[in-house]
Amino acid sequence: MNPKKKKIAIFTASGCRGCEHAILNIHHQVQSLSRWVDIVFWPYLLGSGQTELDALNSIDVCFFAGAVVTTDERRMAERLRSKSEVMVACGACAAFGGMPSLVNLKKGDCQGLHPAPDPTDTGKNPMLPKMEKRVSALEQVVVVDYLIPGCQPTQSLLWAALQALACGPRSQSKLSFASSRLPASVAQAVTAGIAPPKGACFAGDKAVCASCSRVKEEKKFKTAIRTYEKYEESGRCLLEQGLVCLGISTREGCGGLCTGVGQPCRGCFGKAEAVYDPGAKMVSAISSTFASDNKTEIEQMAAKFVDLSGTFYRYTLATQCALLDKE
Amino acid sequence: MQTITLEPLRWQEDPSRITVHANDSHLAVYYQVTSLKSVEAICCGRPVEELPRILPILAPAHHLTAAIALDRLFQADPPDLARNMRTALLQAQYFSAHLRKFFFLMTSIQDPFVDFRVSGRNIHQPKTAIRLVEKIMHHAALSQEAEDILGGRHDHPLTAVAGGVSRYLKEGHYQRLADICYALLPFACELAALTRTEFLAEGGILSQWTDLEIPALSGLHIDAGDKVTLTHPDGSGTQQFNADQLGDIIAFQQEEWTYQPFAYLKDKGWQGLEKSDGLFFVGPLARFNAGQAAATALAEEERQRMMEIVGTPPVNKITAAFGALAVELIQAAETLQSLSSPEKLSGPALRTIPKTKAGSTWAALETPQGLTWHQYHVTDDGIVQATTIIDAHAANNALKCLLAKQLVSAALERKENPGAIKDEVAVAMLPF
């Protein structure tokens, strides 16, 4: 192990491995990373286990993906935090709870989702890690330094974050690439060779609408349409056509990936900087543009919206819904 | 009693470990999935049209299975353009998923982070292996780009919607897809040849597995026309069902020591893992063992060559499973190439607009990981009330448990250390 290189750990708790695949998907860059970093702990790719983690005195940067669902994952998050100089929540599950946290909408706690161990068990069968009562994002378990949002994070943001945090000032060209893709505050820090401000999010500051290429004409909500119903295949704003699109409340950085292929945004980058609660923002944005003053018409239109909590907080229920107790 | 824990297992989509309880007279081996995805709890209460965007958390191809279920729910037949785009996306997913397994296989002998461009200076690095890892990563990137073009994103695609797809391809996409296919097909053939001549040859990565028989289970796969075929492990015949009956044919057993349920054949009943009557597996080897010709010419030629090395189906061997991956890699590249033309991927309509809606729906699709089957029950306003999902994780859970038991028992007899056992099990489970 080269002492000059930064030591990197990558771990996924409960998730789909999409974030780890996203790291592998930065193509040849994964290999060139080895010029600047040593990947010292990566259970999925390298099979690293507790022994390898015990042997490490410290980790420079830990990329933690996935939501925390079991007690073992909580312990692992705590151990990795205690050894890591910088802890990065990588992907929507780690950053905001992601889709796994939708189970928190279910009545009762998550422990009821799996049969409880037989109390008469004599220890013949091995134990499983216990389910937590609620699915949590990483920041609800340990202190998180940076967020890389997205389900999965886009390659350019992920690569920019890796270079900014892991490569350091040893590669000016890489830092210049990174800073061109990062929000101003992060980019300035990276270019100056210092760590970005704690809590920084490796994505844009504005809403997805700012980078969405669809044409916005007039915000008048005339009807609520669901994606299986007929809507224009033109480049017109999906929200204006009546589809529930979360672009207006969601942090930019993806470049309008979903809206670009005719699908409404579902908010995997979390809320935009200026938004307090993405669900409240959506309710406000839609209801204030209803194209009617008639109470009955408005009620009929409002009745067409379904599953507001599952839609407005698709990826962020654990951390960004102001109405829920986040503890 | 001595307890050995082998954790984590490399390359497994689900976090998993093997726990071994051993004493003088008894050995118990458990393959444990240590976290729960709770997909049913995530899906219930959601609008049904959102499921193609939610279910890829299981694997990317569930996006397409869910879209087919929506077609059936809304009785909306996709136009040719949409069918072709979906098929092309599925083939790109096959290519990416299978190639990733070869990448993982290479990482069992080669540090994946060796920089090709500077490693020439390091005489200790095996250059052939490094170059192959480099080539695999390059072509993985290309197949991901094809997935991005066809599906919007690769790991969580989003273009398949009820009755079709959500967008037309752009002018530049056709040429790019053609360029990608031009690169993927020769590489698939090269990798398949390497699998035969290098990996499976004496001294190759897979040579130690040549004689290893895996647990003999029936293989389940979907034929064309929504027929499901169960191939008996000894070659004694097959059984066919209509895919809509799968929910009545397959049941799940939940054991308290693993979060992953076991799928089994309902008519045989759950007899535990000791009796394999009701157990089955899915995926590339199950398809290979059906003994059917490959869908494309070069893939069929490769299948014939592979059979000369690994044996005639049904073959219950890990080597055959890797051989099947190589054959399917070629098939995917050929099919993708045949579909990647403006004629196939353009048309007057993207989708059929649904006019009606049923109360429940199902869909079956053969995906890179194996058979997938979805069933949804929905309310009048299209909210999901209940789901049943059969995927490769549950379908192959029994095979993985039995494989783990077989390998660990043999390795302990040879007095191998836990680290070596863990590595062996990981490679053996990789193609399933």
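What counts, and where the lines are drawn
Residues numbered from 1 in each chain as written. Chains lettered and ligands numbered in written order. Predicted model: local features only at pLDDT ≥ 70, side-chain atom pairs only at ≥ 80, totals over all residues. Helix = DSSP H or I, 4+ residues; strand = E, 2+ residues; numbered from the N terminus. Rg over C-alpha atoms; globule rule 2.2 N^0.38 Å. Buried ≥ 20, exposed ≤ 12 C-beta atoms within 10 Å, placed from the backbone. Contact = placed C-beta atoms within 7 Å. Pairing = 2+ DSSP bridges. Domains from an automatic or database assignment. Nonpolar A, V, L, I, M, F, W, Y, C, P; charged D, E, K, R; others polar. Expected span 1.5 Å × (residues − 1). Arc of directions from axis to C-beta. Axes fitted to C-alpha atoms, helices over the stretch in contact; angles between N-to-C directions. Parallel < 35°, antiparallel > 145°, perpendicular 65-115°, else oblique. Left-handed = near helix turned anticlockwise from the far one by under 90°.

Student: Explain the overall build of chain B residue by residue, including any values.
Tutor: Of regular secondary structure, chain B possesses 14 helices and 14 strands. For 432 residues, the compact-globule estimate of 2.2 N^0.38 gives 22 Å, and the C-alpha radius of gyration of chain B, at 22 Å, lies within 12% of that figure. If one aligns the C-alpha atoms of chain B with their principal axes, the spans along those axes are about 65 × 55 × 40 Å. By residue count, 55% of the 432 residues in chain B fall in the buried class. Pairs at least 24 residues apart make up 68% of the contacts formed inside chain B by residues separated by at least 6 positions.

Student: Describe the overall build of chain A, and please don't skip the residues or the numbers.
Tutor: Of the regular secondary structure elements, chain A holds 14 helices and 7 strands. Here chain A, with 327 residues, has 52% of them falling under the buried criterion. In chain A, the share of contacts with a sequence separation of at least 24, taken over all contacts with a separation of at least 6, comes to 71%.

Student: Which residues make up the pairing of strand β3 (residues 59–65) of chain A, and what values go with them?
Tutor: Residue and element names in this part refer to chain A. Among the 7 residues of β3, 6 are classified as buried, and the element is accordingly described as predominantly covered. Where strand β1 (residues 6–12) meets β3, 5 bridges bridge the pair, whose relative direction is parallel. Bridge pairing links A9 to C62 in β3. The sheet contact formed by β3 and strand β5 (residues 84–90) spans 6 bridges and is parallel.

Student: Give a description of the domain arrangement of chain A that names residues and reports values.
Tutor: Residue and element names in this part refer to chain A. According to the domain assignment, chain A consists of domain 1 (6–191) and domain 2 (205–327). Across the contact, 21 residues belong to domain 1 and 17 residues belong to domain 2. Put simply, the parts of the chain that give the side of domain 1 that touches domain 2 at least two residues each are α6 (92–96) and β6 (131–136). Partitioned by chemical class, the residues of the side of domain 1 that touches domain 2 number 12 nonpolar, 8 polar and 1 charged.

Student: Tell me about the domain arrangement of chain B, and please be specific about residues and values.
Tutor: Annotation of chain B at the domain level lists domain 1 (1–35 + 396–432), domain 2 (40–76 + 356–393), domain 3 (77–212 + 317–353) and domain 4 (216–289). Each of domain 1 of chain B and domain 2 of chain B has a C-alpha centre, and the two are 33 Å apart.

Student: So what's going on with helix α5 (residues 71–83) of chain A? Which residues, and what values?
Tutor: Residue and element names in this part refer to chain A. Compared with the 18 Å implied by 1.5 Å per residue over 13 residues, the 19 Å span of α5 between its first and last C-alpha is a close match. Residues E73, R74, M76, A77 and L80 constitute the buried set of α5. Across the axial projection of α5, the buried residues extend over an arc of 160 degrees, all falling on one side. Residues E78 and S82 are exposed on α5 and point more than 90 degrees away from its buried face. Here the buried face of α5 lies against β1, β3, β4 (68–70), β5 and β6.

Student: Describe the sheet that holds β5 of chain A, naming the residues involved and giving the relevant values.
Tutor: All names here are of chain A. One open sheet accounts for 5 strands, arranged β2-β1-β3-β5-β7; its pairing is parallel. The strands lining the two open edges of the sheet, one partner per strand, are β2 (37–41) and β7 (146–148). For this sheet, the mean angle separating the axes of adjacent strands, direction not counted, is 30 degrees.

Student: Lay out the sheet that holds strand β7 (residues 227–231) of chain B with the relevant residues and their values.
Tutor: Residues and elements named next belong to chain B. Taken in spatial order, the 4 strands of this open sheet run β8-β7-β6-β11, and their pairing is mixed. Strands with a single pairing partner mark the edges of an open sheet, and in this sheet they are β8 (238–242) and β11 (280–281). Pairing of β7 with β8, which is carried by 5 bridges, proceeds in the antiparallel orientation. Following the sheet pairing, K227 is matched in β8 by N242.

Student: I'd like a description of the environment of N23 of chain B, backed by residues and values.
Tutor: Residue and element names in this part refer to chain B. Note that N23 resides in the loop between β2 (16–22) and β3 (27–33). Given 9 C-beta atoms within a 10 Å radius, N23 is considered exposed. Residues in contact with N23, not counting those within four places in the same chain, are M1 and Q2.

Student: Describe the packing of helix α7 (residues 171–199) of chain B against helix α11 (residues 318–339) of chain B, with residues and values.
Tutor: Residue and element names in this part refer to chain B. Look at α7 against α11: their axes get within 9 Å of each other, and the N-to-C directions meet at 165 degrees. Classified by the angle their axes make, α7 and α11 are roughly antiparallel. The two elements α7 and α11 meet at a crossing, and its hand is left-handed. Within the contact between the two elements, α7 uses C181, L184, L185, A188, C189, L191, A192, T195 and F199 and α11 uses F322, G323, A326, V327, L329, I330, A333, E334, L336 and Q337. A per-class count over the contact of α7 with α11 returns 15 nonpolar, 3 polar and 1 charged.

Student: Can you lay out the interface of chain B and chain A for me, pointing to particular residues and giving the numbers?
Tutor: Taken together, the contact between chain B and chain A spans 56 residues of the former and 57 residues of the latter. For the side of chain B that touches chain A, the elements supplying multiple residues, two or more each, are β3, α1 (39–43), α2 (51–54), α5 (116–119), α6 (127–151) and α14 (418–429) of chain B. By residue number, the principal contributor to the side of chain B that touches chain A is α6 of chain B, which donates 3 residues. Broken down by class, the residue content of the side of chain B that touches chain A amounts to 28 nonpolar, 14 polar and 14 charged.

Student: How would you sum up unusual backbone geometry? Please name residues and give values.
Tutor: Residues and elements named next belong to chain B. The omega torsion of the bond from E7 to P8 falls at -5 degrees, within 30 degrees of zero and hence cis. Locating P8 in the fold gives a position in the loop between β1 (2–6) and β2. For the bond from P313 to P314, the omega torsion is 0 degrees, close enough to zero to count as cis. Structurally, P314 is set in the loop between α10 (297–310) and α11. The backbone phi angle of W11 is positive, close to 70 degrees, even though this residue is not glycine. Positionally, W11 belongs in the loop between β1 and β2. C-beta crowding within 10 Å serves as the criterion here: with 20 such atoms nearby, W11 is assigned to the buried category. The backbone of S38 shows a phi angle near 50 degrees, a positive value even though the residue is not glycine. Among the structural elements, S38 can be located in the loop between β3 and α1.

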